[in-house]
Amino acid sequence: MMKAFKVMLVPNNRQRTRLFQFAGAARFAYNWALQKEREAYAAGEKFIGSNELRKEFTVLRNSDQYSWLKTISNNVTKQAVKDCVDAYTKFFKKKSRRPRYRSKKRGNYSFYQDTAKIQITSTHVKLEALATSKRRNRQSLNWIRLSERDRIPVGVKYFQPRITFDGLNWWLSVAVEFKPENISTPSGDALGIDLGIKNLAVCSDGTVYPNINKTKKIKKLKQRKRRLQRSISRKYEMSKKKGEGYSKTRNIIKGERKLLRIHHRLANIRQNYRHQITRAIIGRNPSAIVLEDLNVRGMMSNRHLSKAVQEQGFYEIRRQIEYKAEWFGITVIIADRFYASSKTCISCGHVKKNLRLSERIYHCEVCGNEIDRDLQAAINLKRYAS
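Quick look at the structure, then. (Residues numbered from 1 in each chain as written. Predicted model: local features only at pLDDT ≥ 70, side-chain atom pairs only at ≥ 80, totals over all residues. Heavy atoms only, no water.)

### Points about the pattern of salt bridges
Short version of the rule: Here, a salt bridge means any side-chain nitrogen of Lys or Arg that lies within 4 Å of a carboxyl oxygen of Asp or Glu. The helix count covers DSSP runs of H or I at least four residues long, the strand count covers runs of E at least two residues long, and both are numbered beginning at the N terminus. Here the term buried applies to any residue with accessible area under 20% of the maximum for its type, exposed to any over 50%, and partly exposed to those in between, with areas from a 1.4 Å probe on protein chains only.
Considering all chains together, one arrives at 16 salt bridges under this definition. Where Lys-222 meets Glu-311, a salt bridge forms, and the shortest distance between an N and an O atom there is 3.1 Å. Of this pair, Lys-222 sits in helix α4 (residues 216-239) while Glu-311 sits in helix α7 (residues 306-312), and the two are 89 residues apart along the sequence. With a relative accessible area of 14%, Lys-222 lands in the buried category. With its nearest N and O atoms 3.0 Å apart, the salt bridge here joins Arg-360 to Asp-374. In this pair, Arg-360 sits in the loop between β12 (331-335) and β13 (361-363) while Asp-374 sits in helix α9 (residues 373-384), placing the two residues 14 residues apart along the sequence. On the basis of relative accessible area, Arg-360 is assigned to the partly exposed category, the value being 25%. The exposure class assigned to Asp-374 is buried, which follows from its relative accessible area of 8%.

### Examining the sheet that holds strand β9 (residues 199-203)
Defined as follows: A pair of strands is labelled paired if DSSP reports no fewer than 2 bridges between them. Helix axes are fitted to C-alpha atoms over the stretch in contact, other axes to C-alpha atoms as well, and angles between N-to-C directions run from 0 to 180 degrees. In this analysis, two residues are considered to be in contact whenever any of their non-hydrogen atoms come within 4.5 Å of each other.
Within the open sheet, the 5 strands sit side by side as β10-β9-β8-β11-β12. Their pairing is mixed. Pairing within the sheet leaves two strands with one partner each, and these edge strands are β10 (208-210) and β12. On average, each strand axis in the sheet is tilted by 20° relative to the strand beside it, whichever way the strands run. Across the sheet, helix α5 (residues 250-283) lies against β8 (191-195), β9, β10 and β11 (288-292), angled at about 175° from β10, the strand it touches most.

### Considerations on a positive patch on the surface
Here is the rule: Patch membership requires over 30% relative accessible area and the absence of a salt bridge. Like charges are linked within 9 Å, and nonpolar side chains (Val, Leu, Ile, Met, Phe, Trp, Tyr) within 5 Å. To be clear on the numbers: accessible area is Shrake-Rupley with a 1.4 Å probe, and residue cover counts the displayed protein chains and nothing else. When charges are counted, Lys and Arg are positive and Asp and Glu negative, with His and the chain ends excluded. Note on charges: their place is set at NZ of Lys, CZ of Arg, CG of Asp or CD of Glu.
Residues Arg-226, Arg-227, Arg-230, Arg-234, Lys-235, Arg-250, Lys-254, Arg-257, Lys-258, Arg-261 and Lys-307 make up a contiguous surface patch of positive charge. Elements represented by at least two residues in the positive patch include exactly α4 and α5. In this structure, Arg-226 sits in helix α4. A relative accessible area of 39% means that Arg-226 is categorised as partly exposed.

### Here we look at the packing of aromatic side chains
Here is the rule: Working definition: rings of Phe, Tyr and Trp (its six-membered ring) pair if their centres are within 6.5 Å, and the pair is stacked with planes under 30 degrees apart, edge-to-face with planes over 60 apart, and tilted otherwise. Ring-over charges, as used throughout, are those where CZ of Arg or NZ of Lys falls within 6 Å of the ring centre and within 35 degrees of the ring normal.
The final tally for this structure, using the stated rule, is 21 aromatic pairs. In textbook terms, an aromatic cluster arises when at least three aromatic residues are bridged by ring pairs, as seen for Phe-20, Phe-22, Tyr-109, Phe-111, Phe-165 and Trp-170. The lysine or arginine in question, Lys-3, covers the ring of Phe-178, its NZ or CZ lying 5.6 Å from the ring centre.

Structural data, given as structure tokens:
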């Protein structure tokens, strides 16, 4: 079983420069491989494998024109080529969209580190070939400080170490294999969970987790974001010259960085709330957890609900419940997408086909039962497990 860790890096100026160079080399190798694949596809030739592209890229790397690639770790560019091939393979299997070129403007900065070369201590991480000199006093450039002490296990094998930049900070993410200890047999009853917009989650035992996006804290941040967006837009209009495009001034750059901080703040608050909810659900030790197979894509097509659905993050909640339940030996059941959990009366079993979304209280036409529709959906999901 794998467990992932993500920690923020605290590089100095020289290390930050090298990190951007590594990310740029990875982007160059990925786009180069993508161009080769597109040319082969347009010419009607067969798909080029990873090994063949790597050999061709090694020849390119040793040429005088691209001698700057020699200052970058060979594992960084080779893995970028492999990532491009994997992306095209998923595209042919219809598991993802067609790969696109990585843009420097959009800030897609990330690269891979070799599992055998990376070293992690309680406070630092050593990356490969950041220092171009082999002198001992220059080798300290390879060691980058971590923002959290003892966050990542030490002395174990690491899988898929990646360095990414989110527009403000650099991050290290690694996966570690571990074996859960003392897994006890779940002793609680099955738990049905109905995800929604009014409340994020309603459980079959009556527990309600409210929508955090309706809190005063989130509303203030969203208001600050809207005001800052309008301010930046006005500055762009003021900077526009006749016959030319927009020019990005220093004040615009400062405003965009402030806006990016607010975006990250909102995303972090929501993600932390999801982790708290899913951990509380798993902490009840239910024998099974039943979730609906929501049609999120269809819900996003509704222009009145798309923003609220996107902020809730239904798929992320399902993903967290699934992997956390696996740690504790809890079964996760996904109910059929067309299972009428909200429309089926829990008392008599009557299905109310014309139930509208605005009807928050379910009124049964047969037995006269009245109940909150979300609670009824959660109870029906719990019965789905039996």
